Amino acid sequence: MAAYLSEWLSLLIRWFHVIAGIAWIGASFYFIWLDNHLEDPPEWKKKKGIKGDLWAIHGGGFYEVAKYKLGPEKMPGILHWFKWEAYSTWLSGTALLFTVYYFGSSGYLIDNAKAELTTLSAALIGLGFIGGMLLIYELLIRSPLAKNGMAFGAVLFVLLVAVDWALFHIFAGRGAFIHVGAVIGTIMVGNVFLGIMPSQRALVETVEQGREPDARVERLAALAKLRSTHNNYLTLPVIFIMISNHYPMLYGHPQGWIILAAIGFITAFARHFFNLKHRGIYRPSILLACGIMTVTLIGAIAPPTGRQAEAAATAAGAPKVADADIRQLVDTHCSACHAKDPSNPAFQAPPAGIAFDSLKAVKDHSAQIMQAAVNSQYMPLGNTTGMTDKERKELGSWLQAQK
Ligand code: HEC
């Protein structure tokens, strides 16, 4: 019952998290779009201090949007802030991290072959990385490095790859990936909470007092702009990392951390194309390069084809594996979870809907098993049963022989 209710809890939080995330990223995409499509306003608007305007039609009505150079003469009665989108995304993401990874199945987070951790120590390490990186980022953005956008971006990328590498060598692949995502998401929400909001509050105060912005307000605004640029480049990678959690071919790969770094680079670079395009610079070569890098990556991490695997098996003089041996192997290493009625208390139903109640069921999932338990060591989850490389090979050649 506990496992069943915790599934519901994680489902409901995930649902909320996705909606909040759509609202956050959606609003931020919308405002970037607005900024990039502002036109030179008519004279009478300019006199009011409006620096750009645009017209749009949506949902059956016309919208007139105007952006002020500084602020309106009089503060409007109602001013919309757009901050809870970011905060609620982060809060629900944190709740999800706790329910799925810290209170859920420890196999997502702990891989005994990498580090023998208790759930508590794993959670503390994970939270330590998240808090630590937020601190480092906040120190960096207050340092002289913030004056050089390119250098800052490069340092940030190297730091994130280092975190990625470290986490991948401590946690199970899936747990490592989600923590890299959580580190990035936390930096992003920190940018809103610790930089962009204070800068907007200072601006609102200035307008309220009818003053021109002083040096402090201008400095805050410049930093807020930098933070918002970082968030902009981080959106595509962070969303990719969130969904990559459902693809063991990525995080279950022995070199998963390099894959994640490569994807982070490619997705941020793709964002660069859109940023340039918004500024009127059209450089399709960037998207082409991203496409080539993606195809190269897909090729580089592809599992061996049937024939290659067969050749390798023959070369190794692999003996024919008997059905009975596979039945026993699956019972030992898989069936506690992958059964109609799992004996592992963490599962109420067979995970991923896959139950190995008969050898036919094993055959039916042959391609997925190849990927999850032979080509990568993602299964058995956390390898708590201590499945050996020899057993993986046996399983692989048996699956091959079934074709
Ligand atoms: C401790 C529980 C546990 C054990 C033991 C276990 N699995 Fe899994 N398995 C899971 C969970 C949980 C998922 C869903 C993972 C996800 O969504 O990332 C899963 C998913 C899978 C998938 C689907 C992966 C995909 O493509 O999405 C396959 C295939 C699989 N397991 C095979 C195996 C095999 C083969 C074994 C035994 C060698 C095994 N599992 C042992 C818990 C377990």
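Residues numbered from 1 in each chain as written. Predicted model: local features only at pLDDT ≥ 70, side-chain atom pairs only at ≥ 80, totals over all residues. Heavy atoms only, no water.

The name an unreviewed UniProt entry assigns to the protein chain is Cytochrome c domain-containing protein, from the organism Marinobacter halodurans.

Draft legend 1. Representation of the pairing of strand S2 (residues 61-68). Here strand S1 (residues 50-58) pairs with S2 via eight bridges, running antiparallel. Directly across from Ala56, in S2, lies its bridge partner Tyr63. Taking the residues between adjacent antiparallel strands as the criterion, S1 and S2 are bridged by two residues, where Gly59 takes a positive phi near 60°. (Pairing = 2+ DSSP bridges. Helix = DSSP H or I, 4+ residues; strand = E, 2+ residues; numbered from the N terminus.)

Draft legend 2. A look at the packing of aromatic side chains. Taken as a whole and judged by the stated rule, the model has 16 aromatic pairs. Centre to centre, the rings of Phe157 and Phe265 are 5.9 Å apart; their planes meet at 65°, and the pair counts as edge-to-face. Here Phe157, found in helix H5 (residues 149-170), pairs with Phe265, found in helix H9 (residues 256-278); they are 108 residues apart in sequence, far enough to count as distant. Among the residues examined, Phe157 registers a relative accessible area of 34% and is labelled partly exposed. In this structure Phe265 comes out as partly exposed when scored by relative accessible area, which is 40%. Centroid distance Tyr251 to Tyr378: 4.8 Å. Interplanar angle 85°. Geometry classified as edge-to-face. Here Tyr378 lies in the loop between helix H14 (366-375) and helix H15 (389-401) and Tyr251 lies in helix H8 (residues 248-251), a separation of 127 residues in the sequence. (Phe/Tyr/Trp six-rings, centres within 6.5 Å; stacked < 30°, edge-to-face > 60°. Buried < 20%, exposed > 50% of the residue type's maximum accessible area, 1.4 Å probe, protein only.)

Draft legend 3. Spatial organisation of unusual backbone geometry. Here the amide bond leading from Met379 into Pro380 is cis, since omega sits at -10°, within 30 degrees of zero. Phi is positive for Phe82, which is not a glycine, with a value near 55°. Relative to the elements of secondary structure, Phe82 occurs in the loop between S2 and helix H3 (84-102). Positive phi, normally seen in glycine, also occurs at Ala352, with a value near 60°. Examined against the element boundaries, Ala352 turns out to sit in the loop between helix H12 (323-333) and helix H13 (359-364).

Draft legend 4. Up close: the site of the ligand. Around the ligand lies a shell of 23 residues, among which Cys334, Cys337, His338, Tyr378 and Met379 are the nearest. With respect to the ligand, the side chain of His338 contributes an N or O atom lying 2.8 Å from a nitrogen atom. A distance of 2.4 Å separates an oxygen atom of the ligand from a polar atom in the side chain of Tyr378. Contributing elements (two or more residues each) for the shell around the ligand: H8 and H14. The leading source of residues in the shell around the ligand is H14, at four residues. (Near = heavy atom within 4 Å. Polar contact = N/O pair within 3.5 Å; in protein donor to acceptor, adjacent residues only side chain to side chain.)

Draft legend 5. Fine view of the domain arrangement of the protein chain. Domain annotation for the protein chain reports domain 1 (2-35 + 78-300) and domain 2 (306-401). Spacing between the C-alpha centres of domain 1 and domain 2 amounts to 35 Å. Between domain 1 and domain 2, the contact holds 15 residues from the first and twelve residues from the second. When domain 1 packs against domain 2, close to 1,000 Å² is buried across both sides, 64% of that on carbon and sulfur atoms. Per-residue buried area on domain 1 facing domain 2 is highest for Ala3, Ser105 and Gly252; these three make up 31% of the total on that side. Summed over the shared surface of domain 1 and domain 2, the result is zero salt bridges. Across the domain 1-domain 2 interface, the total number found is one residue pair in polar contact (both at pLDDT 80 or more). Sorting elements by how many residues they give to the side of domain 1 that touches domain 2 places H8 first, with three residues. Across the side of domain 1 that touches domain 2, the residue classes tally to eight nonpolar, five polar and two charged. (Domains from an automatic or database assignment. Contact = heavy atoms within 4.5 Å. Buried area = accessible area lost by both parts, 1.4 Å probe. Salt bridge = Lys/Arg side-chain N within 4 Å of Asp/Glu carboxyl O. Nonpolar A, V, L, I, M, F, W, Y, C, P; charged D, E, K, R; others polar.)

Draft legend 6. Spatial organisation of the UniProt feature "transmembrane region" (unreviewed entry) in the protein chain. Residues given the UniProt feature "transmembrane region" (unreviewed entry) here are residues 12-33, 84-103, 115-137, 149-171, 177-196, 256-274 and 286-303. The straight-line gap between the two end C-alpha atoms of residues 115-137 is 27 Å; of that span, 83% is helix and 0% is strand. With 100% helix and 0% strand, the stretch residues 177-196 has end C-alpha atoms that lie 27 Å from each other. (UniProt positions renumbered as here; feature names shortened; annotations may be inferred.)

Draft legend 7. Region of interest: the nonpolar core. The biggest cluster of nonpolar side chains holds 76 residues, and the ones touching the most others in it are Tyr101, Phe171, Ile184, Val362 and Leu395. Considering each element in turn, this core owes the most residues, twelve residues, to helix H6 (residues 173-208). Taken domain by domain, the makeup of this core includes at least three residues from each of domain 1 (2-35 + 78-300) and domain 2 (306-401). Not counting the four nearest positions on each side in its chain, Phe171 is found in contact with Leu109, Lys114, Leu117, Ala122, Ile125, Gly126, Ala176 and His179. Within the second largest apolar cluster, six residues are counted, among which are Ile266, Ala270, Leu276 and Ile286. (Core = buried A, V, L, I, M, F, W, Y, C linked by side-chain atoms within 4.5 Å.)

Draft legend 8. Region of the structure containing the side chain of Asn245. Mapped onto the elements, Asn245 comes out in the loop between helix H7 (215-244) and H8. Here the side chain of Asn245 touches Tyr101 through a polar contact of 2.4 Å, side chain to side chain. With near-sequence residues (within four places) excluded, Asn245 lies in contact with Tyr101, Arg174, Phe177, Ile178 and Tyr251.

Draft legend 9. How the structure looks around the packing of H9 against helix H10 (residues 284-300). As a packed pair, H9 and H10 sit with axes 9 Å apart at the nearest point and diverge in direction by 165°. Between H9 and H10, the angle falls in the class roughly antiparallel. In this structure, H9 meets H10 at a crossing whose hand is left-handed. Residues Ile259, Ala262, Ile263, Phe265, Ile266, Phe269, Ala270, His272, Phe273 and Leu276 of H9 form the contact with H10, whose own contacting residues are Pro284, Ile286, Leu287, Ala289, Cys290, Met293, Thr294 and Leu297. A breakdown of the residues in the contact of H9 with H10 according to their chemical character gives 16 nonpolar, two polar and no charged. (Axes fitted to C-alpha atoms, helices over the stretch in contact; angles between N-to-C directions. Parallel < 35°, antiparallel > 145°, perpendicular 65-115°, else oblique. Left-handed = near helix turned anticlockwise from the far one by under 90°.)

Draft legend 10. Main features of the pattern of salt bridges. Summed over the entire model, instances satisfying the criterion amount to eleven salt bridges. When the shortest N-O distance is used, the salt bridge between Glu138 and Arg142 registers 2.6 Å. Owing to a relative accessible area of 8%, Glu138 belongs among the buried residues under this scheme. Beyond isolated ion pairs, a larger network of salt bridges with shared partners links Lys45, Asp53 and Glu64.

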